[in-house]
Amino acid sequence: RIRETRIFAPRGIIYDRNKNPLVRNIPTFKMPDGTVFYENIPATAGGKFTESITRDYIYKEDNAHAIGFVSEANEQEIKSHKLTLGSTLGKTGIEKAYDDILRGTDGKTLHEVDAFGQEVRVLGNVDPVAGNNLILSIDKDLQHIAGKELEGKKGIVLAENPKTGEVLALFSSPSFDPNNIIRNENLEKLFADKNQPFFNRVITGLYPPGSTFKIITAIAALESAAINKNTKIEDTGVLSVGRFTFGNWYFLEYGK
C-alpha cells in the first residue's frame, strides 16, 4: 500500500517597519498519548511522534490585536478556502486579513508500507512552499510602550502618520497572549474575563467623537471662511440642517 503524509508549509514571517520579526514558526511534536511538545522534545519523552509546525508570537500581548492569531480551520472554512483537514488559517488581525499571502502550500511524502503498516521505503517527496513574508508599518517599540502605558486599564492607543496614513501603533487594552490559543492554555480564564481581552477596542468599539471633534469643525469653518473672529452663533439646543434636526444631547437630557 501507499501511504501519504503531509509536510506542513511554514507561514510567511510578519515583520515590523524596521524588519524586526514579530512571529516565528516552530516545530511541534505530538506524542501517541496526545501530549504536544513545542520546539523541543524532553529527553524523558518516549515513543513515536508526529511532527508539525506552528506559530509562536514573539512579543505576546504587545501585538495580539494587531497581528491576530491562527487556529485550525473548521468545517466551513475548509470548504470555503478549499483546505484539507488539519489545516490552519488566520482567525483575526493581520493573520486573517493577509491569510492568502501568508499561508504556504503544503508538501507531501509518499511511503510504501507492508501488510503490518511498517514502512518499506519512501517513494518520493513533494516539497512544501513557504508563505510570503509581510512588512508592516507598525513599530514594535511603540507597541510595547503603548502596552506599558495602558497596563491595568481599558483603552486604546492608535498612532498614525498623518502624511501617509501609515499605522505606527495599534494597541487595545486589556490584551492577551496569542500563544495561549495556539497551545490551548488558560482559555477558560481568558473567555471568562469580564474585561474582554479578545475585544479589539480599536476597530470594533463604537465611540462618539466627543468635544475633541469641535476643534476639527472649527478649523474647517475658519479655513472655508464660513466663520471669522466676529461670528456669533445662537445655540437653541437644536441644530436644523434642511429637513434634519440634531439635538444637543446635554440640552435634550438636562435642558441646558
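Going by the structure above, here's the rest.
This is a predicted model, so every value here is computed, not measured. Each chain has its residues counted from 1, following the order in which its sequence is written. Side-chain atom pairs in this predicted model are given and counted only at pLDDT of 80 or more, local residue features only at pLDDT of at least 70, and totals for whole chains, interfaces and linings cover all residues. Only hydrogens and water are set aside; all other atoms, that is, all heavy atoms of the structure, feed into the side-chain values.

Trainee: Help me understand the overall build of the protein chain, please; the structure alone is not making it clear to me.
Mentor: A run of DSSP states H or I qualifies as a helix once it reaches four residues; a run of E qualifies as a strand once it reaches two. Both are numbered from the N-terminal end. Looking only at helices and strands, one finds nine helices and 14 strands in the protein chain. Only C-alpha atoms enter the radius of gyration; for comparison, a globular chain is expected to reach 2.2 Å times N to the power 0.38, where N is the number of residues. Expected size for 256 residues packed as a compact globule is a radius of gyration near 18 Å; at 26 Å, the protein chain overshoots this value by more than 25%. Along the longest, intermediate and shortest principal axes, the C-alpha atoms of the protein chain span 95 × 35 × 35 Å. Using a 1.4 Å probe on the protein chains alone, a residue whose accessible area is under 20% of its type maximum counts as buried, one over 50% counts as exposed, and one in between counts as partly exposed. Counting the 256 residues in the protein chain, one finds 29% classified as buried. The long-range fraction of contacts in the protein chain, counting pairs at least 24 apart against all pairs at least 6 apart in sequence, stands at 56%. Exposure was quantified through the Shrake-Rupley algorithm and a 1.4 Å probe, taking into account, for residues, occlusion by the shown protein chains and nothing else. Accessible surface, the protein chain as shown: approximately 17600 Å² in total, 53% of it carbon and sulfur. Charge counting treats Lys and Arg as positive and Asp and Glu as negative, with His and both chain ends excluded. A charged residue contributes its charge at one atom only: NZ of Lys, CZ of Arg, CG of Asp or CD of Glu. The average position of the 32 basic charges and that of the 33 acidic charges among the side chains of the protein chain differ by 4 Å. What makes two residues a contact is simply this: any of their non-hydrogen atoms within 4.5 Å.

Trainee: Quick question: what am I supposed to make of the pairing of strand β12 (residues 167-173) here?
Mentor: On a regular strand, one side chain projects to one face of the sheet and the next to the other, so that they alternate. For β12, the buried fraction is high: six of the seven residues fall into the buried class. Note: two strands are recorded as paired if DSSP finds a minimum of 2 bridges between them. Bridge analysis of strand β11 (residues 155-160) against β12 gives six bridges, and the strand direction is antiparallel. Residue pairing for β12: Ala-159 is matched across the bridge by Ala-169. What sits between β11 and β12 in their antiparallel hairpin is a turn of six residues, with Gly-165 showing a positive phi close to 85°.

Trainee: Hey, could you run me through the nonpolar core in this one?
Mentor: In summary, soluble globular proteins display a tendency toward joint burial of nonpolar side chains. In plain words, nonpolar cores are sets of buried Ala, Val, Leu, Ile, Met, Phe, Trp, Tyr and Cys residues tied together by side-chain atoms within 4.5 Å. By size, the foremost hydrophobic cluster in this structure holds 22 residues, and its most contacted members are Ile-14, Val-23, Tyr-57, Ile-67, Leu-136 and Phe-176. Elements with a contribution of two residues or more to this core: α1 (64-67), α6 (178-182) and α7 (187-192). Leave out the neighbours within four places in its chain, and Ile-67 touches Ile-14, Leu-22, Val-23, Tyr-57, Thr-92, Gly-93, Ile-94 and Glu-95.

Trainee: Can you help me understand helix α5 (residues 140-149) in this one?
Mentor: An α-helix turns once every 3.6 residues. As a result, residues three or four positions apart point the same way. Residues Lys-140, Gln-143, Ala-146 and Gly-147 constitute the buried set of α5. Buried residues along α5 cover an arc of 120° about the axis, so they all sit on one side. In α5, the exposed positions angled more than 90 degrees off the buried face are occupied by Lys-148 and Glu-149. Elements that come into contact with the buried residues of α5 comprise α1, β11 and β12. Whenever two N or O atoms come within 3.5 Å, that pair is a polar contact, provided that in protein one can donate a hydrogen and the other can accept it, and provided that, for residues adjacent in sequence, both atoms are side-chain atoms. Two or three places before Asp-141, at the opening of α5, Asp-139 has a side-chain oxygen 2.8 Å from that residue's backbone nitrogen. Throughout, the arc means that of the directions going from the helix axis to the C-beta atoms.

Trainee: I would appreciate a short explanation of the pattern of salt bridges in the present structure.
Mentor: Close approach of charged atoms allows side chains with opposite charge to pair. By definition here, a salt bridge exists when the distance from a side-chain nitrogen of Lys or Arg to a carboxyl oxygen of Asp or Glu is within 4 Å. What the rule picks out here adds up to 15 salt bridges. The shortest N-O distance in the salt bridge between Glu-95 and Arg-11 comes to 2.9 Å. Of this pair, Glu-95 sits in helix α3 (residues 93-97) while Arg-11 sits in the loop between β1 (2-7) and β2 (14-15), and the two are 84 residues apart along the sequence. A single burial state applies to Glu-95 and to Arg-11, both of which are buried. The partner of Glu-39 in a salt bridge is Arg-24, and the shortest N-O contact between them spans 3.0 Å.

Trainee: For this particular structure, what's the right way to read the sheet that holds strand β3 (residues 23-30)?
Mentor: Think of a sheet as strands paired side by side through backbone hydrogen bonds, with each pair either parallel or antiparallel. Within the open sheet, the three strands sit side by side as β4-β3-β5. Their pairing is antiparallel. Single-partner strands in this sheet number two, and they are β4 (36-38) and β5 (50-57). In this sheet, adjacent strand axes meet at a mean angle of 35° when their direction is disregarded. Examined bridge by bridge, β3 and β4 share three bridges and lie antiparallel to one another. Note that in β4 the partner of Thr-28 across the bridge is Tyr-38. Geometry is summarised by axes, namely lines fitted to C-alpha atoms with helices restricted to the contacting stretch, and by angles between N-to-C directions that run from 0 to 180 degrees.

Trainee: Help me understand the packing of aromatic side chains in this model?
Mentor: One pair of aromatic rings is described through two measures. These are the centre distance and the angle between the planes. Any Phe, Tyr or Trp ring, taking Trp's six-membered ring, that has another such ring centre within 6.5 Å forms a pair; planes under 30 degrees apart are called stacked, those over 60 apart edge-to-face, and the others tilted. The final tally for this structure, using the stated rule, is six aromatic pairs. With a centroid separation of 5.0 Å and 35° between ring planes, the pair formed by Phe-191 and Phe-198 is classed as tilted. Members of the aromatic cluster, connected to one another through ring pairs, are Phe-69, Phe-176, Phe-191 and Phe-198. Should the NZ of a Lys or the CZ of an Arg lie within 6 Å of a ring centre and within 35 degrees of the ring normal, that charge is described as sitting over the ring. Across from the ring centre of Tyr-38, 4.4 Å away, lies the NZ or CZ of Arg-183, which sits over that ring.

Trainee: Sorry, what's going on with unusual backbone geometry here?
Mentor: Residues other than glycine predominantly adopt negative phi, and peptide bonds predominantly adopt the trans conformation. Ser-173 connects to Pro-174 through a cis peptide bond whose omega is 5°. Note on placement: Pro-174 falls in the loop between β12 and α6. At Glu-39, a position not held by glycine, the phi torsion is positive, near 75°. At Gln-196, a position not held by glycine, the phi torsion is positive, near 55°. One can find Gln-196 in the loop between α7 and α8 (213-223).

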